[in-house]
Amino acid sequence: MTKPEPQANNAAPLYPFAALVGQDQMKLSLIINVVNPRVGGVLVRGEKGTAKSTAVRALAELLPEQPVVADCPYACDPDDAGALCAECAERLAAGETLPRDKRRVRVVELPVGATEDRLLGTLDLESALSQGKARFLPGILAAANRQVLYVDEVNLLDDHLVDALLDAAAMGVNSVERESISLSHPARFTLVGTMNPEEGELRPQLTDRFGLCVQVVGLSDPALRQEVILRRLEFERDPARFARKFAAEGQRLAKAIVRARKLLPRVTAGPEVLERVVKLVLGLGVDGHRGDLTLLKTAITLAALDGRKQATPADVDAAALLALPHRLRRRPLAEMEFDIAERIKRI
Amino acid sequence: MPPASHNNRLYPFVALVGQESLKRALLLLGIDPGLGGVLLRGEKGTAKSTAARGLAKLLPPQSVVADCPLGCDPSGWLCPDCAARPRPLPTRQRPTPFVDLPLGATEDRLIGSLDLEAAVSRGQVRLRPGLLARAHRGVLYVDEVNLLPAHLVHLVLDAAASGVNRVEREGLSQSHPAQFALVASMNPEEGPLGPQLLDRFGLCVEVTAEPDPARRMEVLRRRLAFEADPQAFCAAWATLQETTAQRLAAARLALERVQVTPTALALAAELAGRAACQGQRGELACLRAARALAAWRGLGVVEPELVREVAPLALVHRAGSAPAPAPELHNRLKVFSDPDQEAPPEPVRVADGQALEVAPSAGDQAGGERTLYILSPGAVKPVATRLPAKEGASRKQPGRRAARESHDSRGRYLRASAQRLGRSIAFDATLRAAAPHQGQRRQPGGPALVVLRPDIREKVRAAKHGRLLIFCVDASGSMNAAARMRETKAAVLGLLTEAYQKRDRVGVISFGGLAARELLPPTASVEVARRMLTDLPTGGKTPLSAGLLLVGRALMRELAQDPKLTPLVVILTDGRPNVPLRVSLGESEMTELAGHKGGGWGDGWGDGGYADREVLNLARRLAGDPRARFVVVDTDVGHHHEINLCRPLADYLRAPCVALRTITAGQVLDLVRQNWH
């Protein structure tokens, strides 16, 4: 686990992102997170068999390359001295030049059945027995630093794992104080979760940690439904050929993402945009301040995707559909409300 | 420890917009760490963590014994090692430590444990200091304290109160100073914190999001600027940060000299009495906070005004037993009398040992009386917000349930045990147990560590298998429907408040009119329950079968999520069903149910039978899962000779049937206590 395996090792062929039919909100929310990891991830809610997992896994091909410290188990960013792990920081302080490498951002999966020690990392038994040294064996949170952390069926995750996840997500640091180990390492990840609400709700605290939230429903248009099945069959028959068929489309998307990423730091938001953000969160009744910030970042990212250097109040309204549904104070008996377009318009 | 570079990325304390009481409470704690900790309660995303982390940066650098792992104060209390060293002790300066207690922490890292490497390589039995040692003279921060196992919270609070950490384990027997300012945060939505734990926090702040649009925009603007360029942002606030830090350092020095007037003292006691605080912690915290506030403002005397100012911080969380809504309490505290008609102020000192003593003063005949007043505030009256309960009935140490030990591999690893019960092996503890014996065991060329059978330690896990209670309430338009709903609601809120162990969840399903609905999906949160049960519709017919069907679905859903649950379902009804499923559900869903074979709760119900038969058939199905247990409460107030279905329903459910003619929340609670295991 000390060295994250490169992307190419994924055994099963991935369904191309560009070949996904419909589910535009979900796709948009994922793309927004690729363009701007600071949006804070996305929670995809929906019934079984609505391509939730497929979409998240397919995201891998759209993820950009990032510079990393070549031999760091946490894939530290050599250009960001402020966010280095303790070891890299020490090496840098000792005058060493950190070896650089480029690696594509990965989708790291947290299986629902994972144990706490696998998630947080644990005592390296081998080195304890052979050398009598208490050393740290990094876990999934270490592998997820600067990557996308994907939790399928996130609502079924054991409570103590959720707690650990929340802790790390809150600070971007995994503090391990257990089993003779005492250490912290950076763990900044884009949290992507999928869940089927019928199997139980997510704890509010965890819900709030997801930047965006979208609901996917089965397609209702018979023509689209047919198209889904046809593509799926075609993919299963010959994945490589299928991938080639959508390669051009995928590349277009990848290019748009690269463009937006470049533009993003230059996108500005004027006072009218901030005003709209605050008006919406107050008007809709949103808990806390995290929603405000996510809404603003999402609006800015939307502007970047649209090739504009200036975010507008309209961007905010569009962003609200993704950034606010899971943050609304729910009325008694009410389901999570995704159809808030009307309410937004009235504010 | 997080790399030092993380510190440069902290949002400056002084740049926080609004949140005045949050900032005040933390500053007071910074001035007087002996306050006993600050608890930050509030919804998510309200700068709780940011403020706590920011506080440490405001605290002055401190001088420590240079190579002491415990960070001893050269001019203060020394650990045994430092005490034994020749003088003068070498010293160095360090910033005030800020230590995070992560939720996944184990006991050995919290209080410290045997140093494995020293034991193996040198055969020495040495303490490897834990987080409590590292937090000595600094800030210990516990995020989401309500999610931390109660057992660890107790350890933290014990150390916070005594200033000492005692390590008695693995052949170690040692004490060392552990004096720290405790800051904890929690989101009440995730379940409450027990009253015993609550009471031990000196101050408590209710943190809410900023309601003012202009300020809210300012929050956004600053946050955005900070994220864009943390260094520049911090630089812009450096001057204010620096003056605040200096003022805080000055206040710390002035603290000892601040005097407390008897009027202030009496006022604190009276306010605590008003708020129905139990014990004396309330007024003590109140006075200490007022003293710190005086020091902050450069005043030499604690004026009653200051006491009144800090009273909400010190008393809100101790008020009565049920958390009173904050605004109401604030009013209660404000309404209270005019202090200035009291006797002329006599200087009284609040000593550091948390005891109150009246400064010796000639001719002060009322002195003794005043002390007495503090120690036994006559005004303390328990508030009657608690629901009636039998003395001692399942109330004793409800928090204990949190640490129910589990024998499988689920749950959080708490600590290790030498008892062999076939649990998973705690490698860390096993190795520590083996380490001291390596001198005799090691073979040349062999492994560094030889582990033998007696060394083996097993993991004790805190299994948070919560309990689940579902009320299924008849909301039909019978005579006592409204009372039934009202008392059930009171019982739900009572259970959630009392059984504050967060994994216990309560849900409500009601049936009335033509259909059933889940009024409250199972929740552990009093807040959620209160919110969702504001509206309790009653009236119409009695679709009992629809209610049972919904119970079945809820059970199936919950058991799928946690197969270890043993839910209890309490059914309150008149036992006069008169709406068949065909009507409750409509034809289409019935067809779907009928066509649905194999294991579902609803299958086989397309024949449109009569309501009674449906009810009993559903009951038989519900009883099919041995994990679920039922209680039927017959609330029929009608004529005795008329047959109602409660008894047969109970028989089919293999459940007790209890008749309650006038139903009260107390009776419902008692029933639940008797049957909820």
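This one's a predicted model, so the numbers in the text were calculated from it and none came from an experiment.

### A word on the overall build of chain B
Moving on, step 1. The number of helices and strands found in chain B is 25 helices and 24 strands.
Moving on, step 2. Scored against the burial criterion, the 677 residues of chain B give a buried share of 50%.
Moving on, step 3. Considering only intrachain contacts with a sequence separation of at least 6, the fraction spanning at least 24 residues in chain B is 77%.

### Quick look at the interface of chain A and chain B
Moving on, step 1. On the chain B side, the residues contacting the 58 residues of chain A number 63 residues.
Moving on, step 2. The residue makeup of the side of chain A that touches chain B, split by class, is 25 nonpolar, 14 polar and 19 charged.

### Here we look at helix H12 (residues 281-296) of chain B
The periodicity of an α-helix, 3.6 residues per turn, causes residues three or four places apart in sequence to face the same way.
Moving on, step 1. Here H12 of chain B contains 16 residues, and its C-alpha end-to-end distance of 22 Å stays within 8% of the 22 Å for a straight helix at 1.5 Å per residue.
Moving on, step 2. Where H12 of chain B terminates, the next one or two residues include Gly-298 of chain B, which has phi positive at roughly 75 degrees.

### Some details on the sheet that holds strand S10 (residues 181-186) of chain B
Residues and elements named next belong to chain B.
Moving on, step 1. Spatial ordering of the open sheet is given by S4-S7-S10-S1-S11, a layout of five strands whose pairing is parallel. Sheet topology places strand S4 (98-100) and strand S11 (203-207) at the edges, where each strand pairs with a single neighbour. On average, each strand axis in the sheet is inclined to that of its neighbour by 20 degrees, with strand direction left out of account.

### As for the environment of Arg-613 of chain B
Residues and elements named next belong to chain B.
Moving on, step 1. Topologically, Arg-613 is positioned in helix H23 (residues 611-622).
Moving on, step 2. For Arg-613, a count of 13 C-beta atoms within 10 Å translates into the label partly exposed.
Moving on, step 3. With 36 residues separating them along the chain, Arg-613 and Pro-577 place their C-alpha atoms 9.8 Å apart.

### Observations concerning the sheet that holds strand S21 (residues 515-523) of chain B
Residue and element names in this part refer to chain B.
Moving on, step 1. Spatially, S21-S20-S19-S22-S23-S24 is the arrangement adopted by the six strands of the open sheet, whose pairing is mixed. Across the chains shown, the open sheet's two edge strands, defined by having one partner strand only, are S21 and strand S24 (657-659). The average undirected angle you get between the axes of adjacent strands in this sheet is 15 degrees.
Moving on, step 2. Against the sheet, helix H20 (residues 544-561) contacts strand S19 (468-474), strand S20 (505-512), S21 and strand S22 (568-573), and its axis sits at roughly 155 degrees relative to S20.

### Description of the confidence of the model for chain A
Residue and element names in this part refer to chain A.
Moving on, step 1. Summary statistics for chain A give a mean pLDDT of 84 and a share of 93% for residues scoring 70 or more.
Moving on, step 2. Confidence drops under a pLDDT of 50 for residues 1-10, and excluding neighbours within four residues, the segment shows 11 contacts in the predicted structure.
Moving on, step 3. Taken as a whole, residues 331-335 scores under 50 in pLDDT and shows six contacts with residues more than four places along the chain or in a different chain.

### Description of the nonpolar core
Residue and element names in this part refer to chain B.
Moving on, step 1. Ranked by internal contacts, the top residues of the largest apolar core, which has 222 residues, are Leu-203, Cys-286 and Ala-289.
Moving on, step 2. Considering each element in turn, this core owes the most residues, 11 residues, to H12.
Moving on, step 3. Ignoring any residue separated from it by four or fewer positions in sequence, one finds Cys-286 in contact with Ala-268, Leu-271, Ala-272, Val-307, Val-310, Ala-311, Ala-314 and Leu-315.
Moving on, step 4. If you look at the next biggest cluster of nonpolar residues, it comprises 61 residues, including Cys-472, Leu-544, Leu-649 and Leu-653.

Rules used throughout
Residues numbered from 1 in each chain as written. Chains lettered and ligands numbered in written order. Predicted model: local features only at pLDDT ≥ 70, side-chain atom pairs only at ≥ 80, totals over all residues. Helix = DSSP H or I, 4+ residues; strand = E, 2+ residues; numbered from the N terminus. Buried ≥ 20, exposed ≤ 12 C-beta atoms within 10 Å, placed from the backbone. Contact = placed C-beta atoms within 7 Å. Nonpolar A, V, L, I, M, F, W, Y, C, P; charged D, E, K, R; others polar. Expected span 1.5 Å × (residues − 1). Pairing = 2+ DSSP bridges. Axes fitted to C-alpha atoms, helices over the stretch in contact; angles between N-to-C directions. pLDDT = per-residue confidence, 0-100. Core = buried A, V, L, I, M, F, W, Y, C linked by C-beta atoms within 7 Å.

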